[in-house]
Amino acid sequence: MRAVHHADGYPTNWPKDPAGWLSDGDIVGAWVGCHDERVVGHVLLARPASGDVAPTLVPAGTPVAVVGRLFVAPSARGHRLGAALLGRAAREARRHGALAVLDVVTTDSAAIALYERLGWRFLAEGQQEWGSGELVDVRCYSAPSGD
């Protein structure tokens, strides 16, 4: 995670407790990606939290689960681990009868390109509160059907 933070600026604000940050929230599930017998990626799926923007952008009454904490170490990129982790989270959301949604800071062009290349549907831009009152501009997406 530290290598991703140094290379990409994610997470935007380095957490005081990185392990706690990876397991924060009302988690439905979490998965890791491995390459050369090392853990090199992570994703989680959680129930919406107060203030999450993406869940508010789907039709009323649509059950949602929020994808978060997705990253792949720079040294392990190019092996479709990010796509595999996203797919796993989306399938798990569907298994629970929910639609997977996510948000990404508008400046993270690599992540945006990944989501769009994988068929995630752009919902809208908005502002999400991160940390103690910090507002960031985000793009929100929902999982493609039949992932």
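Because the structure is a prediction, the values reported are computed rather than measured.

As for the packing of aromatic side chains
Counting across every chain of the model gives three aromatic pairs. For the pair Tyr115 and Trp120, a centre-to-centre distance of 6.4 Å together with 50° between the ring planes defines the contact as tilted. With relative accessibility at 5%, the residue Trp120 sits in the buried group. Judged by centre distance (5.8 Å) and plane angle (55°), the rings of Tyr115 and Tyr141 are tilted. Within this pair, whereas Tyr115 is found in helix 4 (residues 109–117), its partner Tyr141 is found in strand 6 (residues 134–142), the two being separated by 26 residues in sequence. Of the two residues, Tyr115 and Tyr141, both sit in the buried class. Feature note: the residues Tyr115, Trp120, Phe122 and Tyr141 constitute an aromatic cluster, connected by ring pairs.

Some details on the pattern of salt bridges
One pass over the full model with this rule turns up five salt bridges. A salt bridge links Arg47 to Asp26; the nearest nitrogen and oxygen atoms lie 3.1 Å apart. With a gap of 21 residues between them, Arg47 in the loop between strand 2 (38–46) and strand 3 (64–72) and Asp26 in the loop between helix 2 (18–22) and strand 1 (27–35) connect regions that are remote in the sequence. With a relative accessible area of 41%, Arg47 lands in the partly exposed category. With a closest N to O distance of 3.0 Å, Arg88 and Glu92 form a salt bridge. Placement of both Arg88 and Glu92 in helix 3 (residues 81–95) is noted, with a separation of four residues, approximately one turn of the helix. Take Arg88: its relative accessible area is 30%, and that puts it in the partly exposed class.

Some words on the environment of Ala100
Residue placement: Ala100 occurs in strand 4 (residues 99–105). Judged by its relative accessible area of 2%, Ala100 is buried. As a C-alpha pair, Ala100 and Val138 span 38 residues in sequence and 16 Å in three-dimensional space. When sequence neighbours within four positions are dropped, the list of residues in contact with Ala100 reads Ala65, Val67, Ala90, Ala93, Trp120, Tyr141, Ser142 and Ala143.

Some thoughts on the side chain of Asp103
Examined against the element boundaries, Asp103 turns out to sit in strand 4. Although Asp103 is buried, it makes no salt bridge; Arg69 carries the closest opposite charge, 8.2 Å away. Setting aside anything within four residues of it in sequence, one finds Asp103 in contact with Gln128, Trp130, Val138, Arg139 and Cys140.

Section: helix 4
Taken as a whole, helix 4 has its buried residues at Ala111, Ile112, Leu114 and Tyr115. For helix 4, the buried positions fall inside an angular range of 160° around the axis, keeping them on one side. With respect to the buried face of helix 4, the exposed residues turned more than 90 degrees away are Ser109, Ala110 and Arg117. The secondary structure elements touched by the buried residues of helix 4 are strand 3, helix 3, strand 4 and strand 6. Once helix 4 ends, the next one or two residues include Gly119, with phi positive near 90°.

Conventions used here
Residues numbered from 1 in each chain as written. Predicted model: local features only at pLDDT ≥ 70, side-chain atom pairs only at ≥ 80, totals over all residues. Heavy atoms only, no water. Phe/Tyr/Trp six-rings, centres within 6.5 Å; stacked < 30°, edge-to-face > 60°. Buried < 20%, exposed > 50% of the residue type's maximum accessible area, 1.4 Å probe, protein only. Helix = DSSP H or I, 4+ residues; strand = E, 2+ residues; numbered from the N terminus. Salt bridge = Lys/Arg side-chain N within 4 Å of Asp/Glu carboxyl O. Contact = heavy atoms within 4.5 Å. Lys, Arg positive; Asp, Glu negative; His and termini not counted. Arc of directions from axis to C-beta.

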